[in-house]
Amino acid sequence: MNRIGIDVGGTNTDAVLLEDDRVRHAVKTPTTPDVMSGIRTALARLLEQAGGTPEVDAVMIGTTHFTNAVVQRRQLSRVAAIRIGLPASASLPPFTDWPEDLADLVRGQVHMLAGGHEYDGRPIVPFDAAGMREVARRIRDSGIRSVGVASVFSPLNGSCETEAEAILQEVCPDVAVTLSHRLGRLGLLERENVTLLNACLRDLARSTTRAFGDALATSGIRAPLYLTQNDGTVMLASEAEAYPVYSFASGPTNSMRGAAFLSKREDAIVVDVGGTTSDIGSLRNGFPRDANGVAEVGGVRTLFRMPDLLSLGLGGGSLVVEEPLAVGPRSVGYLLTEQGRVFGGEQLTATDVAVAANLVELGDRRRVAALSPALVRACVARMHAMIEEGVDRMKADASPVPLIVVGGGSFLVPDRVPGISEVVHVPHQAVANAVGAAIAQVSGEVDQVFQGLSRERALAEAQRLAEAKAVRAGADPSALAVVEVEDLPIAYLPGNSLRVRLRVVGDIARAGAPRS
Amino acid sequence: MTTTSLSAQQIESLALGAWILGTGGGGSPYHGLLNLRRLYRQGARVRLMDPADLADDAAVAVVSTMGAPLVMQERVVDPGPMVESVRAMERYLGRRFDAVMAVEIGGSNALQPCQIGAVTGLPVVDGDAMGRAFPEAQMTSFAIHDLPMAPLTLVDVRDNAVIVARAASWKWMERLSRKACVEVGSIAATCKAPRTGREVKECGILYTVSKAIRLGETVQAARAAHRDPIQAVIDAEGGRRIFGGKIRDVDRRTTEGFLRGTATLDGLDGDRGRSFRLAFQNEFAVGWLDGRPVVMTPDLICVMDAISGEAIGTETLRYGQRVAVVALPAPPILLTPKGLEHVGPRAFGYDLDFQSVFAEAR
């Protein structure tokens, strides 16, 4: 099986070709403002290395394009928001607690209708289908092209949302519809926020994924195209076109997943040492541990899982100050190869100290020969202490675990770290992100309240639902594994109420394999 | 009667402080805060009144939202039914209220009287009946003083209203109102037994609204100055840092309507090498350091994010979180023998004699 992984980062676009479990070829090219030509260049160089166009089973792209569009407030469409749940949840309408500049860009129309469900699946009141028809006509007349629909307790019962969709398709068939229960979890305002963000990205997602497809086609590669998601799994580009929000924060996830793959370790701490920062995360079962609390995107509260990362101001380009001794957080960043001392510049950086200490061979060693050995020793000790403390903070329990090192500044990491069983350096560590994209699997998740079932039966039912979702997304049904189960008994609710969150993952089905 | 108009900034501080006083329970005040921001933008204001200014025969509405915090994530709290629960009680009693107050200053219920006050103009009494958060009706200073528990009104968004005219005991009041609450979707606005001004002054826990605002302001000021918000809270409120560490394990289960469970923490920094176990029943109840009980209800046990100082609820405790466990002093009424019968460790099923963290300091 041949897979191509592409990571489109802020600075570099990396691409790798994997043959089964081996990295065959890897390239690094600058990211271009239009993104696409950078991808075309990366693919062309990758195929050049491979000496032709091999049979490829899948291409996976990881991109920050959609996150950046929200953060930078550009290329967003105006949307209509439909909330179904009146008379409940009436006081806080859609777009509540959004940054004003973003709401002004995205808020086209806001409609609130009677309907929705209770926690136990009973309707709050009957769905106002006649009102929905009127709303659909107003959307059609306004020229708005994208709609987000959120109904109260729709993760338990999505029927109000699907009824609304049917009416929209009948009255204004050209409008793109995003339904909140397809995006997930309990938490009305946050789920609705994600639905509206998704709706405002639909136009951009369509043009971007099609451009990705074109870049692939012009490279002569015929393979299904996937986009990576924030949970380390992928979805088909044709689906990603409808769910661009799932790509949010996929970069750090890909880096950690790539580290797990390259080191063949599933439970470990990962440190990614870049030019300006070192990001430390924790892998469990091959997936990053999620951050606590509410993840915000562009100032909007969401329900997304984001990897729990500790970012230290220490990287290869970190500036060294001698008196009093300090390393970072200021950095020369991507200008290291111009401004660093071993590269002919005048700035003293972490990399220069590492060269002087014989930790790495880079540039011209003679240019740091005059540094005092005491300063070099003190600097190295300081950098090691920073990393050791960060690693300890991210460790989730006392037993020793491996530390996997990736990124261009990996030589800053000491060979021995307290609480760490071994420090693992891996080949291709500079393109770990693209490797992480290439190996991504397909997932399915449920987050739902089960009532009147024993715990075992509730968990089994949750697993069945999650597996069906994964297979719909392109997973090979024969090898699905549960990677996450969380069950939370609900205080105050009667009848053994249990909220279950369960996630399964599996490899993508081979090209041409039947998808049941 | 003199009242102080609360600024929008004070409402923000109140929400932050109330979440800390929730000691892990009471639900996040986030939605109530959003409602109040909206009401403030529309020109409404909350007037806070000193309980000392209440006339002895003044009628005070005592309010809270009953239900499951999980349901509140979808059925977002709405000032409409809150106001209606108060109006329904007024109709039943045949007289108007002079002021409104919270049952519980900890968590989302702290903002309920503010939302009602912002809509109706009723002043909000600076006080409550718990001084923190507790899960059950009899865990109030009013119950400790044996004041009557009826009548109670319960209202939902569909304009259903229930009046519990009498109840044989606090326990029966809990059973009857809980049944009605579940039937309307496990979320309902309630107006508890009305109190006279004199009852509030004699049996309420006073000045807890201003205390919550002060607590929130302390955290905000520390964050703005890049000082440790947790130390700032400890200094300002006479608290005690009990433990610092990261959460190694969380075990939750539901029994008898409580979210019960334990969290195990491994020490960091000064507590390295030590282990802490924290038991909760909706709120944090007892903490053991290396197997020895060192902090227990009704002392306030707060778990706060080690960096931001943000309070962490029992439902959002998660593996790997880096936290500080902090104790704050409980209101004196809860520490009396009668108070401890209602809210001491034995009321939660722990066979422990209450020992305050602050005993030696007193």
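Scoring rules and cut-offs
Residues numbered from 1 in each chain as written. Chains lettered and ligands numbered in written order. Predicted model: local features only at pLDDT ≥ 70, side-chain atom pairs only at ≥ 80, totals over all residues. Heavy atoms only, no water. Helix = DSSP H or I, 4+ residues; strand = E, 2+ residues; numbered from the N terminus. Rg over C-alpha atoms; globule rule 2.2 N^0.38 Å. Buried < 20%, exposed > 50% of the residue type's maximum accessible area, 1.4 Å probe, protein only. Contact = heavy atoms within 4.5 Å. Areas by Shrake-Rupley, 256 points an atom, 1.4 Å probe, with all protein chains shown as cover. Lys, Arg positive; Asp, Glu negative; His and termini not counted. Charge placed at Lys NZ, Arg CZ, Asp CG, Glu CD. 1 Å grid on protein atoms, 1.4 Å probe; cavity = no way out; pocket = protein on both sides within 12 Å on 5 of 7 lines; lining within 4 Å. Points joined across faces, edges and corners; volume = space filled by probe spheres on them. Nonpolar A, V, L, I, M, F, W, Y, C, P; charged D, E, K, R; others polar. Salt bridge = Lys/Arg side-chain N within 4 Å of Asp/Glu carboxyl O. Phe/Tyr/Trp six-rings, centres within 6.5 Å; stacked < 30°, edge-to-face > 60°. Lys NZ or Arg CZ within 6 Å of the ring centre and 35° of its normal. Buried area = accessible area lost by both parts, 1.4 Å probe. Polar contact = N/O pair within 3.5 Å; in protein donor to acceptor, adjacent residues only side chain to side chain. Pairing = 2+ DSSP bridges. Axes fitted to C-alpha atoms, helices over the stretch in contact; angles between N-to-C directions.

Undergrad: Please clarify how the overall build of chain B should be interpreted in this entry.
TA: When you go through chain B residue by residue, the secondary structure sums to twelve helices and 18 strands. Relative to its length of 362 residues, chain B is compact, with a C-alpha radius of gyration of 19 Å against a globular reference of 21 Å. Over its C-alpha atoms, taken along the principal directions, chain B stretches across nearly 65 × 45 × 40 Å. Put simply, chain B has 362 residues, and 62% of those count as buried. Here the contacts in chain B between residues at least 6 apart in sequence split such that 73% fall between residues at least 24 apart. Accessible area of chain B: about 13300 Å², with a carbon and sulfur share of 51%. Between the mean site of the 41 positive side-chain charges and the mean site of the 41 negative ones, chain B shows a separation of 2 Å.

Undergrad: Would you mind going over the layout of surface pockets with me for this structure?
TA: Any empty space left between atoms is shown by rolling a water-sized probe over those atoms. All names here are of chain A. When its volume is computed, the second largest pocket comes out at roughly 1400 Å³. As for the second largest pocket, its lining consists of 41 residues, of which Thr11, Asn12, Asp272, Gly274 and Gly275 are closest to the centre. Going through the elements one at a time, strand 1 (2-8), strand 2 (12-19), strand 4 (58-63), helix 8 (250-263), strand 11 (268-273), helix 9 (336-339) and helix 12 (432-438) are the ones with two or more residues in the lining of the second largest pocket. Top contributing element to the lining of the second largest pocket by residue count: helix 8, with five residues. Taken together, the residues of the lining of the second largest pocket sort by class into 13 nonpolar, 23 polar and five charged.

Undergrad: When you look at empty space enclosed by the protein in this model, what are you seeing that I'm missing?
TA: According to the stated counting rule, one finds two cavities of 30 Å³ or more in the structure shown. Around the largest cavity, the lining is made up of 15 residues, and of these Val77, Asp78, Pro81, Val157 and Ile187 of chain B lie nearest the centre. For the lining of the largest cavity, the secondary structure elements donating two or more residues are helix 4 (79-93) and strand 9 (187-191) of chain B. The leading source of residues in the lining of the largest cavity is strand 9 of chain B, at three residues. Along the lines of polarity and charge, the residues of the lining of the largest cavity split into ten nonpolar, two polar and three charged. In this structure, the second largest cavity encloses a volume near 60 Å³. Around the second largest cavity sit Asn230, Asp231, Thr253, Phe287, Pro288, Asp290, Arg305, Met306, Pro307 and Arg503 of chain A, which together line it. Of the residues assigned to the lining of the second largest cavity, the class counts are four nonpolar, two polar and four charged.

Undergrad: Honestly, the pattern of salt bridges in this entry has me stumped. Any pointers?
TA: Oppositely charged side chains are able to pair whenever their charged atoms sit close together. All names here are of chain A. Going through the model one piece at a time under the given rule, you end up with 44 salt bridges over all chains. In this structure, Arg464 and Glu461 form a salt bridge, with 3.0 Å as the shortest nitrogen-oxygen distance. With Arg464 and Glu461 both in helix 13 (residues 455-472) and three residues apart, this pair spans about one turn of that helix. According to the relative accessible area criterion, Arg464 is partly exposed, its value standing at 48%. According to the relative accessible area criterion, Glu461 is partly exposed, its value standing at 27%. Note that Glu484 is salt-bridged to Arg503, the shortest N-O span being 2.8 Å. Here Glu484 is found in strand 22 (residues 475-489), whereas its partner Arg503 is found in strand 23 (residues 498-508), with 19 residues between them in sequence.

Undergrad: Explanation requested: the packing of aromatic side chains in the structure shown.
TA: Where two aromatic rings form a pair, the distance of their centres and the angle of their planes describe that pair. Counting across every chain of the model gives six aromatic pairs over all chains. When the ring centre of Tyr30 of chain B is taken as reference, the NZ or CZ atom of Arg301 of chain A above it lies at 3.6 Å.

Undergrad: Just checking my understanding: could you explain the environment of Leu227 of chain A for this structure?
TA: Residue and element names in this part refer to chain A. Inspection of the secondary structure puts Leu227 in strand 9 (residues 225-228). Residue class for Leu227 comes out buried when judged on its relative accessible area of 3%. Each C-alpha atom of the pair Leu227 and Phe66 lies 12 Å from the other, and the pair is 161 residues apart in sequence.

Undergrad: I keep staring at the interface of chain A and chain B and nothing clicks. Help me out?
TA: A common way to report how large an interface is uses the accessible area buried once the components associate. At the junction of the two partners, chain A supplies 48 residues and chain B supplies 46 residues. Summed over both sides, the interface of chain A with chain B buries roughly 4000 Å², with 52% coming from carbon and sulfur. For the pair chain A and chain B, the interface holds six salt bridges. Between Glu183 of chain B and Arg122 of chain A there is a salt bridge, with the nearest N and O atoms lying 3.5 Å from each other. Connecting chain A to chain B are 19 residue pairs in polar contact (both at pLDDT 80 or more). If you list the elements that add at least two residues to the side of chain A that touches chain B, you get helix 6 (188-218), helix 11 (373-394) and strand 22 of chain A.

Undergrad: Which parts of the structure should I look at to understand the sheet that holds strand 6 (residues 107-114) of chain A?
TA: By definition, the strands of a sheet pair up through backbone hydrogen bonds, in either a parallel or an antiparallel sense. All names here are of chain A. An order of 6-5-7-8 is seen for the four strands of this open sheet, with the pairing classed as parallel. Two strands in the sheet have a free side with no partner beyond their single neighbour: strand 6 and strand 8 (176-179). Averaged over neighbouring strand pairs, the angle between their axes works out to 20 degrees when direction is ignored. Where strand 5 (residues 79-86) and strand 6 come together, seven bridges link them in parallel fashion. When the sheet's bridge partners are listed, Ile82 is paired in strand 6 with His111. Packed on one face of the sheet, helix 6 meets strand 5, strand 7 (146-151) and strand 8 and runs near 160 degrees to strand 7.

Undergrad: I keep staring at the sheet that holds strand 9 of chain A and nothing clicks. Help me out?
TA: Residues and elements named next belong to chain A. A sheet is described by the order of its strands in space; here six strands give the open sequence 3-2-1-4-9-10, paired in mixed fashion. Because the sheet does not close on itself, it has two edges, and the strands there are strand 3 (22-30) and strand 10 (234-236). Along the sheet, successive strands turn relative to each other by an average axial angle of 20 degrees, direction set aside. Across three bridges, the pairing between strand 4 and strand 9 is parallel. Each residue of the ladder has a partner; that of Val59, found in strand 9, is Leu225. Helix 6 rests against strand 4 and strand 9 of the sheet, and its axis sits at about 130 degrees to strand 9.

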